[in-house]
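Remarks on the overall topology
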Amino acid sequence: MSGALRSVIRGSGSALPAQCVTNAQLAERVDTSDEWIVERTGIRQRYIASESETTASLATDAARAALEDAGFEPASIDLIVLATATPDNTFPATATKVQHALGCNGCIAFDVAAVCSGFLYALTTADAMLRTGMAKRALVIGAETFSRILDWEDRTTCVLFGDGAGAVVLEAQDADATRAGIIASRLHADGAQHDLLYVDGGPSTTQTVGHLRMKGREVFRHAVVNLAEVLGEVIADAGVSVADIDWVVPHQANRRILDATAKKLGISEDKIVVTVDRHANTSAASVPLAFDAARRDGRIQSGQLVMFEAMGGGFTWGASLVRL
Ligand code: UT7
């Protein structure tokens, strides 16, 4: 009989649209300013997809980069879990488009919808499937084109988001043979908070795609409380202390949320990976985008303890502790 399995991150990759839009450029379209956006959010620029760049194309580029980083052939992947709230089509799952583009036809492929916590939900789902032996190698992708669901007349939301994709490759390994892998994860949802962050359209209600609507100040308040709570749960489950954590890779919604959460937990600010200044809020893509950026610039290294966390529409929220 085989022993316990653990899901180990073997590679990461990311992709951004070609077009970068600065706050100053946005201020030419809507009544806002670079000063307001930087002071309230920390965002300086975001990437916006062209017509030819879609959630699937960005996801495919990120997944390809992650496979190259891992040194794995696409055909060796037997599970693709793609987190998105902006799929190419209502159906089929964008994951199946990515599967075909990569050339790993035949493997399990599906999307998960948990908005900004989507990557945490996808990672945890893939981890559970790897540990039960349903698959051996998984691509976990967060990919979004939120620019397509923004109300460009609404300055309270349109300045906050960007497009992009990030991916990791997981492999099931014998837990006795490695210290690396996903150690503990927790996920939560609270459907009672629907109206604080949602899209006002959909196939079953309006038959339109709809636009993102958010009561930002209230989301902010819930985010800091929920994130601090779930981080505490994962730290306790894993039996580690805050000081053991080398890096926190948070969902990149607002620099002030990152700082407030870090302060609440007593994690030093220089352990927080921040990319919200460059990418803005890319929803499900933000955690794997930030993770890949910090791995590639040499900050996050093999053997280190890394915490992922996110909170988003639903509400949904979660955290996951991983040793690289
Ligand atoms: O990814 C999912 C999770 N999402 C989040 O975590 C988002 C959480 N929320 C936030 O990040 C912040 O609440 C925002 C960045 C959305 C807003 O910051 P805030 O400090 O909560 O500002 P506010 O909404 O209270 O607005 C303050 C003022 C208002 O004017 P008055 O009513 O005080 O006169 C707004 O009309 O700022 C005004 N305002 C703007 N001004 C210039 C709102 N948006 C803009 C803008 N440019 N883009």
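Basis of the calculations
- Residues numbered from 1 in each chain as written.
- Predicted model: local features only at pLDDT ≥ 70, side-chain atom pairs only at ≥ 80, totals over all residues.
- Heavy atoms only, no water.
- Helix = DSSP H or I, 4+ residues; strand = E, 2+ residues; numbered from the N terminus.
- Rg over C-alpha atoms; globule rule 2.2 N^0.38 Å.
- Buried < 20%, exposed > 50% of the residue type's maximum accessible area, 1.4 Å probe, protein only.
- Contact = heavy atoms within 4.5 Å.
- Areas by Shrake-Rupley, 256 points an atom, 1.4 Å probe, with all protein chains shown as cover.
- Lys, Arg positive; Asp, Glu negative; His and termini not counted.
- Charge placed at Lys NZ, Arg CZ, Asp CG, Glu CD.
- Pairing = 2+ DSSP bridges.
- Axes fitted to C-alpha atoms, helices over the stretch in contact; angles between N-to-C directions.
- Near = heavy atom within 4 Å.
- Polar contact = N/O pair within 3.5 Å; in protein donor to acceptor, adjacent residues only side chain to side chain.
- Expected span 1.5 Å × (residues − 1).
- Domains from an automatic or database assignment.
- Buried area = accessible area lost by both parts, 1.4 Å probe.
- Salt bridge = Lys/Arg side-chain N within 4 Å of Asp/Glu carboxyl O.

**A few points about the overall build of the chain**
- Per the secondary structure count, the chain includes ten helices and 13 strands.
- For the chain, whose C-alpha radius of gyration is 18 Å, the value lies close to the compact-globule estimate of 20 Å for 324 residues.
- With respect to the three principal axes, the spread of C-alpha positions in the chain is 65 × 45 × 40 Å.
- With 324 residues in all, the chain has 54% of them scored as buried.
- Put simply, of all contacts in the chain between residues at least 6 apart along the chain, 76% involve residues at least 24 apart.
- Of the roughly 13,500 Å² of accessible surface on the chain, 49% is carried by carbon and sulfur atoms.
- Each charge class in the chain can be summarised by its mean position, and for the 29 positive and 39 negative side chains these summaries are 3 Å apart.

**Here's the deal with the sheet that holds strand β5 (residues 108-112)**
- The sheet built from five strands is open, its strands ordered β1-β7-β6-β4-β5 with mixed pairing. The open sheet has two free edges, formed respectively by β1 (5-15) and β5, since each of these has just one partner strand. Ignoring which end each strand starts from, the neighbouring axes of this sheet average 20° apart.
- Inspection of the sheet shows β1 paired to strand β7 (residues 163-174) by ten bridges, in the antiparallel sense.

**Considering the site of the ligand**
- In the vicinity of the ligand lie 23 residues, with Thr32, Arg155, Arg217, Asn254 and Asn281 positioned nearest.
- In this structure, an oxygen atom belonging to the ligand sits 2.9 Å away from a side-chain N or O atom of His251.
- Arg256 places a polar side-chain atom, nitrogen or oxygen, 3.4 Å from an oxygen atom of the ligand.
- When isolated, the ligand has an accessible area of 960 Å², and the protein chains bury 76% of it.
- Listed by contribution, the elements that provide at least two residues to the shell around the ligand are α2 (34-41), α6 (155-158), α7 (216-238) and α8 (255-265).

**Some details on helix α5 (residues 118-131)**
- Compared with an ideal rise of 1.5 Å per residue, which puts 14 residues at 20 Å, α5 spans 20 Å between its outermost C-alpha atoms and is within 8% of the ideal.
- A large share of α5 lies buried, amounting to ten of its 14 residues.
- Among all positions in α5, only Gly118, Phe119, Leu120, Ala122, Leu123, Thr124, Ala126, Asp127, Met129 and Leu130 are buried.
- Taken from the residues just after α5, Gly133 is the one with a positive phi, measuring 85°.

**Focus on the domain arrangement of the chain**
- The assigned domain composition of the chain is domain 1 (5-174) and domain 2 (181-323).
- Computed over C-alpha atoms only, the centres of domain 1 and domain 2 are separated by 14 Å.
- Of the residues lining the interface, 54 residues belong to domain 1; the matching set on domain 2 comes to 48 residues.
- When domain 1 packs against domain 2, the two sides together hide about 3,900 Å² of surface, and 64% of this comes from carbon and sulfur.
- By the criterion of area lost to domain 2, the three top residues of domain 1 are Cys116, Leu120 and Ile149, representing 17% of everything that side buries.
- Between domain 1 and domain 2 we count two salt bridges in total.

**Concerning the pattern of salt bridges**
- On inspection of all chains with the given rule, the structure shows 14 salt bridges.
- Between Asp127 and Arg131 there is a salt bridge; the shortest N-O distance is 3.0 Å. In this pair, Asp127 and Arg131 are both assigned in helix α5, four residues apart and thus about one turn of the helix distant.
- Judged by its relative accessible area of 4%, Asp127 falls in the buried class.

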